[in-house]
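# Summary of structural features
Chain by chain, the residues:
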Number of protein chains: 2
Amino acid sequence: MSGKLFIVGLGPGGQEHMTLRARQALQESEVVVGYKTYLRHIQELVKDKEVLASGMTKEMDRAWTAIQAARQGRVTALVSGGDPGIYAMAPVVFELLHDKGIVPGPDGLAVEVVPGVPAVAAAGAFLGAPLSHDFACISLSDRLTPWEVIEKRLLAAAGADFVIALYNPKSKGRDWQLGRALEIIAGHRAAQTPVGVVRAAMRADQSVRLCTLATAASAPVDMATILIIGNSNSFTFQDVMVTPRGYLAKYGSPGGEEVGDE
Amino acid sequence: MSGKLFIVGLGPGGQEHMTLRARQALQESEVVVGYKTYLRHIQELVKDKEVLASGMTKEMDRAWTAIQAARQGRVTALVSGGDPGIYAMAPVVFELLHDKGIVPGPDGLAVEVVPGVPAVAAAGAFLGAPLSHDFACISLSDRLTPWEVIEKRLLAAAGADFVIALYNPKSKGRDWQLGRALEIIAGHRAAQTPVGVVRAAMRADQSVRLCTLATAASAPVDMATILIIGNSNSFTFQDVMVTPRGYLAKYGSPGGEEVGDE
């Protein structure tokens, strides 16, 4: 069997943040499967391919469609925004392979996961350097995870002073989870803790807003928004959010006397 | 002042996992500053540049050198492996700008953070899909962070069933932290919990080993190693480590009857 399945991370929106390997994987593929919004970002890269698009909530269908195409001997790319392993398609494929008794690897179906720049790293870059210490990523979608589990993780991460990145803060029919999450975190962190609210980082319509734990609940958010809540040492200056690693505190400032800004 | 400072994430080792934007930033730069090991990976991309290399523990010097070059009006790239915001150079630069009263942005020093594929995403891709649910990144280096803080985070992440990625498990002079960390996690998670031990993912000398919480302490690790400890639902099959998102459990298996492997 000569088929191959690429599970490709496209990175955050714009093609300039896609890796060379992701581009190669698309070029080598005959079939490209993905959520239509992501496919729109890479139209000219896949125009000569068989493109199988589907809606947002069809993850299982997309994964199974891609697996079947690859098993028919065709080189197939299943695309994800960001990184395919972070709240994305890679696990869905492997769950299905396991469930169907399909062996991945040289003796079965060749599968290559092509990592991409995750949305959280793009949001961090856009804000400055908010993730720079230990951090936790938590999805607020209770579609597949009981809300009690999500609350437990929010509490644990807040209590241990992790920088916290919130994925999927809101969606159609999910409007209270973000407020509740910020409430839980505020129980363990100062009201003035900086919060970066980033929408569609590295895309044409990207936007960023610096808030605090006290004001973040009123920021406009959607499914494409990531919130990054600082730890107890995070600070903002100008339009930048920073979580220090501690070099200055430990080693002091290099380069002698202060320099004024020019 | 026409200088600009790029803080560039090179991604995991190999150039094929570098983004187009990272490559552009290097091309546009006159000066490239970085840790010599990373610079070795991009030699031919920077051969016509002024290259300022330094040793691993010289983060402050590297950041300050790059800031000064950019302030002298030169386009400068400060390079990091992986993503520049995740245990890397971006925060060091912003801490220094803040400390020195240098304004980033249009009215001061133009700074662009170019995100990259983080080491943890590369390790995840190499293992399969271990990160796919809520996860926490924790560095075991107590050089800048008190060990009590690290222990508190390990406990919290283990207790709330996060997938846990351990950075900097070991280095010269730090040999007991990993064993202690695994002990703490084992207090909250089954001994058979899968652990992926990945060294230098996506580099020529990459290696992966699947262990369990009971056996991981004896795996060979170094500073270039990341360990990914599964949550209570993570499983392995063949050479793959997977943390399910839960689609199968919720929606059942698509595609009708089981198919045998070919």
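Everything quoted here is computed from the prediction, not taken from an experiment.

## Describing the pattern of salt bridges
Residues and elements named next belong to chain A.
- Following the criterion strictly, the structure yields 24 salt bridges over all chains and no others.
- For Glu-112, the salt bridge goes to Lys-4, with nearest N and O atoms at 2.8 Å. Here the residue Glu-112 occupies a position in strand S5 (residues 110-114), and Lys-4 occupies one in strand S1 (residues 4-9), the gap between them amounting to 108 residues.
- Residue Glu-28 pairs with Arg-21 through a salt bridge whose shortest N-O separation is 3.5 Å.

## Considering the domain arrangement of chain A
All names here are of chain A.
- On domain assignment, one finds that chain A holds domain 1 (4-117) and domain 2 (120-247).
- Centre-to-centre, using C-alpha coordinates, domain 1 lies 28 Å away from domain 2.
- Interface area, domain 1 with domain 2, both sides summed: about 800 Å², of which 64% is carbon and sulfur.
- Connecting domain 1 to domain 2 are one salt bridge.
- Glu-59 is the partner of Arg-143 in a salt bridge, and the nearest nitrogen-oxygen pair spans 3.5 Å.

## Looking at the nonpolar core
- Counting 96 residues, the largest nonpolar core has Ile-67, Phe-94 and Ile-228 of chain A together with Ile-67, Phe-94 and Ile-228 of chain B as its most contacted members.
- Residues in contact with Ile-67 of chain A, not counting those within four places in the same chain, are Leu-5, Val-93, Leu-96, Leu-97, Ile-102 and Leu-109 of chain A.
- Core analysis: the next-biggest nonpolar cluster, separate from the first, contains 54 residues, Ile-138, Phe-162, Ile-164 and Ile-184 of chain A among them.

## Considering the packing of aromatic side chains
- With the rule as written, the count across this model stands at 11 aromatic pairs over all chains.
- On the numbers, 6.4 Å between centres and 25 degrees between planes, the contact of Tyr-247 of chain A with Tyr-251 of chain A is stacked. Residue Tyr-247 of chain A and its partner Tyr-251 of chain A are both found in helix H9 (residues 247-251); the two are separated by four residues, about one turn of the helix.
- A residue is classified by how much of its surface remains accessible, and Tyr-247 of chain A, at 1% relative accessible area, is buried.
- Among the residues examined, Tyr-251 of chain A registers a relative accessible area of 46% and is labelled partly exposed.
- Taking the centre distance of 6.1 Å and the plane angle of 35 degrees together, the rings of Phe-235 of chain B and Phe-237 of chain B count as tilted.
- With relative accessibility at 10%, the residue Phe-237 of chain B sits in the buried group.
- The positively charged end of Lys-100 of chain A is found above the aromatic ring belonging to Trp-64 of chain A, 4.8 Å away from the centroid.

## Thoughts on the interface of chain A and chain B
- Residue-level contacts link 90 residues of chain A with 89 residues of chain B.
- Here chain A packs against chain B, burying approximately 8,100 Å² in sum over the two surfaces, 61% of which is carbon and sulfur.
- For the pair chain A and chain B, the number of links is four salt bridges.
- Of the charged contacts in the structure, one is a salt bridge between Asp-134 of chain B and Arg-153 of chain A, with a shortest N-O distance of 2.9 Å.
- Counting the contacts that link chain A with chain B gives 37 residue pairs in polar contact (both at pLDDT 80 or more).
- A per-element tally of the side of chain A that touches chain B places helix H5 (residues 90-100) of chain A first, with 10 residues.
- For the side of chain A that touches chain B, a count of residues per class yields 46 nonpolar, 24 polar and 20 charged.

## Section: the relation of the copies chain A and chain B
- Placing chain A over chain B gives an RMSD of 0.0 Å and needs a rotation angle of 180 degrees, together with 0.0 Å of translation along the axis. The two molecules are tied by a two-fold rotation axis, judged by turn and shift.
- Comparing interface residues between copies, 99% of those in chain A also lie at the interface in chain B; the contact surface is shared.

Reading guide: rules and limits
Residues numbered from 1 in each chain as written. Chains lettered and ligands numbered in written order. Predicted model: local features only at pLDDT ≥ 70, side-chain atom pairs only at ≥ 80, totals over all residues. Heavy atoms only, no water. Salt bridge = Lys/Arg side-chain N within 4 Å of Asp/Glu carboxyl O. Helix = DSSP H or I, 4+ residues; strand = E, 2+ residues; numbered from the N terminus. Domains from an automatic or database assignment. Buried area = accessible area lost by both parts, 1.4 Å probe. Core = buried A, V, L, I, M, F, W, Y, C linked by side-chain atoms within 4.5 Å. Buried < 20%, exposed > 50% of the residue type's maximum accessible area, 1.4 Å probe, protein only. Contact = heavy atoms within 4.5 Å. Phe/Tyr/Trp six-rings, centres within 6.5 Å; stacked < 30°, edge-to-face > 60°. Lys NZ or Arg CZ within 6 Å of the ring centre and 35° of its normal. Polar contact = N/O pair within 3.5 Å; in protein donor to acceptor, adjacent residues only side chain to side chain. Nonpolar A, V, L, I, M, F, W, Y, C, P; charged D, E, K, R; others polar. Least-squares fit on C-alpha atoms with pLDDT ≥ 70 in both.

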